[in-house]
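# Fold and geometry: a report
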Amino acid sequence: MSVQQFDVVIVGAGFAGMYLLHRLRPLGISARVVEAGTDVGGTWYWNRYPGARVDIESMQYSYQFDEALQQEWRWTEKYAPQPELLKYARHVADRFDLRRDIQFETRIASAVYDARAQRWALTAEDGSAFDAQFVVMATGCLSKPNWPHIDGIGSFAGQIYHTAMWPRETVDFTGQRVAVIGTGSSGIQSIPVIAEKAKQLTVFQRTANYAIPAHNCPLDKDYEEWVKGHYAEFRAQAKQTPPGIYGRFRVGKALEATPEERQAEYEERWKAGGLAFMGAYGDLMLSKEANDTAAEFVRSKIREIVDDPATAESLCPKNIIGGKRLCVDTNYYATYNKPHVRLVDVRDKPIEAITPTGVRAHGEDFEVDALVFATGFDAMTGALTAVDIRGKEDASLRERWADGPISYLGLAMADFPNLFTVTGPGSPSVFTNMIPTIEQHVDWITDCLAWMQDRNYTAIEAEHDAERAWWEHHQEVATVGIKTTTDSWYLGANVHGKARVFMPYYGGFPDYCRKCEEVVADGYAGFAFG
Ligand code: NAP
């Protein structure tokens, strides 16, 4: 196969890869997006499990780089379902004629830097080869599926699914006995929908999770009109909040409010639904005592909703609220009132084995026709280390990050010149509204490439000192408050053998953007150019 040459190879055709391709075109930079799937959409291409939908309101979860695009696109629901999100990604690809520069069904296996030529050689699993001056890994934070280590996992003779690799053809569970392993966001969204069809559903829960009702509904036309009439202002205000989300964030302290005031505040937010629940007070993630007030409120709701007291108690999370990613649900807890749905708590007694006929736990054999793994992702680093990336002097990213990742602003790594990551570890990424954050990263990378073009620079590399200083700051910020006291995928705790290092930047979107702007104003401080 001949080697294809480009100025930039972008890995991944999700929202990051698509927007970067669009931004590079006017600069006259030749770019090729290489994508493992058969279509654009990234997360929303792969995660097509029943019930999949975004947990940020649709009116905010969209691109803002093109006014006509944000005016013309119409979401149908408050929280868009996966098929509509995929339709949106496809619409963007068609509208901006992106497909002609995307190579689908090609999974990059390695990327090797030639320091003399200042170019990267990329090889795909199918043997396709690319030669590029720059590589941008637009591979997403949650894209490498995590399969748990359970004995006999390969022995199951029925249908086996992972929420993050859901088949493109419709899966019909009608009349089947189904088991779901995992109760994170993917499990919590899919369980009620699977229960509607399955004859019998058994859910294996290791850690109970907090879910706030979505109260999803058709998108209110007046609200849509209002947002569209004020989009610039709406987006600008969102950028000023720590998660980059327009909403009501209170700075007051839960512990300074009376129990009645707290109850009223939580009740109002429960009724409004969604992730904004955690915006009730500014100290919820700073003090365990404050956090307990919100956690206990949600536990009381679970006890109210779930009829069987023992099941309700199992469903009540014991850890802090917001330590793991908060879930947004539709009918999750109420699903356990259905007579054909059973919860099996495997916290103290883990699943013993997967057998040819089902799951063995608590000494019991649960025979099922289909097994759904809702067991999440090797988050933040998994999709990057899945590629054998080798920088200067054959430095391996996989080895460099064996004890945890390190990166400058989640954008670039020392010893890996001309390589950028979009929402890499050290970026606020998953703590924010992903699409606007992706736009910020992509704009930063594009402006940097244009700046280099103007000065005839051919190579850029993060400096070790700058990388270390950012990482130290990032780790310091992570330890403020109680966020890191819970095992979570933010810490890599969900993946067998993975180093425990807090990965997303917790300092908030505004501070992160400020730092990126300062770096630019200072002539790309912390980067060396060649
Ligand atoms: P997750 O949050 O990591 O949940 C995985 C679940 O599998 C956890 O309950 C975990 O238990 C369980 N598990 C793993 N290994 C197990 C084992 N051996 N035995 C029993 N249980 C096991 O993954 P996810 O639900 O896919 O969600 C990941 C993230 O993706 C979310 O936090 C969110 O950021 C994003 N997401 C977003 C949406 C949305 O926008 N609506 C939807 C889905 C996902 P432990 O907790 O004990 O490890």
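Everything below is about the structure shown above.
What counts, and at which threshold
Residues numbered from 1 in each chain as written. Predicted model: local features only at pLDDT ≥ 70, side-chain atom pairs only at ≥ 80, totals over all residues. Heavy atoms only, no water. Near = heavy atom within 4 Å. Polar contact = N/O pair within 3.5 Å; in protein donor to acceptor, adjacent residues only side chain to side chain. Areas by Shrake-Rupley, 256 points an atom, 1.4 Å probe, with all protein chains shown as cover. Nonpolar A, V, L, I, M, F, W, Y, C, P; charged D, E, K, R; others polar. Pairing = 2+ DSSP bridges. Helix = DSSP H or I, 4+ residues; strand = E, 2+ residues; numbered from the N terminus. Axes fitted to C-alpha atoms, helices over the stretch in contact; angles between N-to-C directions. Contact = heavy atoms within 4.5 Å. Parallel < 35°, antiparallel > 145°, perpendicular 65-115°, else oblique. Phe/Tyr/Trp six-rings, centres within 6.5 Å; stacked < 30°, edge-to-face > 60°. Buried < 20%, exposed > 50% of the residue type's maximum accessible area, 1.4 Å probe, protein only. Core = buried A, V, L, I, M, F, W, Y, C linked by side-chain atoms within 4.5 Å. Salt bridge = Lys/Arg side-chain N within 4 Å of Asp/Glu carboxyl O.

## Regarding the site of the ligand
- The full set close to the ligand counts 23 residues, and Arg53, Ser186, Arg206, Thr207 and Lys324 are the nearest of them.
- One nitrogen or oxygen atom from the side chain of Arg206 is found 2.8 Å from an oxygen atom belonging to the ligand.
- In the environment of the ligand, an oxygen atom lies 2.8 Å from a nitrogen or oxygen atom belonging to the side chain of Lys324.
- Compared with its free state, where it exposes 910 Å², the ligand has 89% of that area covered by protein.
- Of the residues that constitute the shell around the ligand, the class distribution is nine nonpolar, nine polar and five charged.

## Thoughts on the sheet that holds strand 7 (residues 159-162)
- Ordered by their spatial adjacency, five strands build an open sheet running 7-16-8-9-12, and the pairing between neighbours is parallel. The open sheet has two edge strands, strand 7 and strand 12 (341-345), and neither has a second partner. When the angles between neighbouring strand axes are averaged without regard to direction, this sheet yields 15°.
- Sheet analysis places strand 9 (residues 200-205) next to strand 12, joined by five bridges and oriented parallel. The residue bridging Leu201 from the neighbouring strand is Val341, located in strand 12.
- The sheet contacts of helix 5 (residues 185-197) involve strand 8 (177-181), strand 9, strand 12 and strand 16 (370-373), and relative to strand 9 the element is tilted by about 160°.

## Overview of the packing of helix 14 (residues 434-454) against helix 16 (residues 509-521)
- It is the contact of helix 14 with helix 16, at a shortest axis distance of 11 Å, that shows an interaxial angle of 5°. On the basis of their axis angle, the class for helix 14 and helix 16 is roughly parallel. Across the interface between the two elements, Pro436, Thr437, Gln440, His441 and Trp444 of helix 14 pack against Phe509, Tyr512, Cys513, Cys516, Val519 and Val520 of helix 16.
- Partitioned by chemical class, the residues of the contact of helix 14 with helix 16 number eight nonpolar, three polar and no charged.

## Points about the packing of aromatic side chains
- Counted under the stated rule, the structure contains 49 aromatic pairs.
- Judged by centre distance (5.3 Å) and plane angle (50°), the ring pair of Phe65 and Phe96 falls under tilted. Placement of the pair is Phe65 in the loop between helix 2 (43-46) and helix 3 (67-72) and Phe96 in the loop between helix 4 (82-95) and strand 3 (102-103), with a sequence separation of 31 residues.
- Given the relative accessible area of 23%, Phe65 is considered partly exposed.
- Residue classification places Phe96 among the buried residues on the basis of a relative accessible area of 11%.
- Ring geometry for Phe204 versus Phe366: centroids 5.2 Å apart, planes at 90°, classification edge-to-face. With Phe204 in strand 9 and Phe366 in strand 15 (residues 364-367), the pair connects residues that are 162 residues apart, well separated along the chain.

## What to know about the nonpolar core
- Core analysis: the biggest nonpolar cluster contains 78 residues, and Phe15 and Trp444 have the highest contact counts within it.
- Contact partners of Trp444, with chain neighbours within four places excluded, come to Leu411, Phe420, Cys516, Val519, Val520, Tyr524 and Phe527.
- Ala198, Met285, Phe297 and Val341 belong to the second largest nonpolar core, which has 51 residues in total.

## Some thoughts on the pattern of salt bridges
- Tallying each qualifying case throughout the model produces 35 salt bridges.
- As a salt-bridge pair, Arg119 and Asp131 come within 2.6 Å of each other at their nearest N and O atoms. In this pair, Arg119 sits in strand 5 (residues 119-124) while Asp131 sits in strand 6 (residues 129-137), placing the two residues 12 residues apart along the sequence.
- Where salt bridges share partners, they join Arg25, Asp97, Arg100 and Asp101 into one cluster.

## Comments concerning unusual backbone geometry
- Despite not being glycine, Asn331 shows a phi value in the positive range, around 65°.
- Structurally, the position occupied by Asn331 is in the loop between strand 11 (327-329) and helix 11 (332-335).
- Positive phi, normally seen in glycine, also occurs at His362, with a value near 55°.
- You can see His362 is positioned in the loop between strand 14 (358-361) and strand 15.

## Considerations on the sheet that holds strand 14
- Spatially, 13-14-15 is the arrangement adopted by the three strands of the open sheet, whose pairing is antiparallel. Of all strands in the sheet, those bounded by a partner on one side alone are strand 13 (353-355) and strand 15. On average, each strand axis in the sheet is tilted by 25° relative to the strand beside it, whichever way the strands run.
- With three bridges connecting them, strand 13 and strand 14 associate as antiparallel partners.

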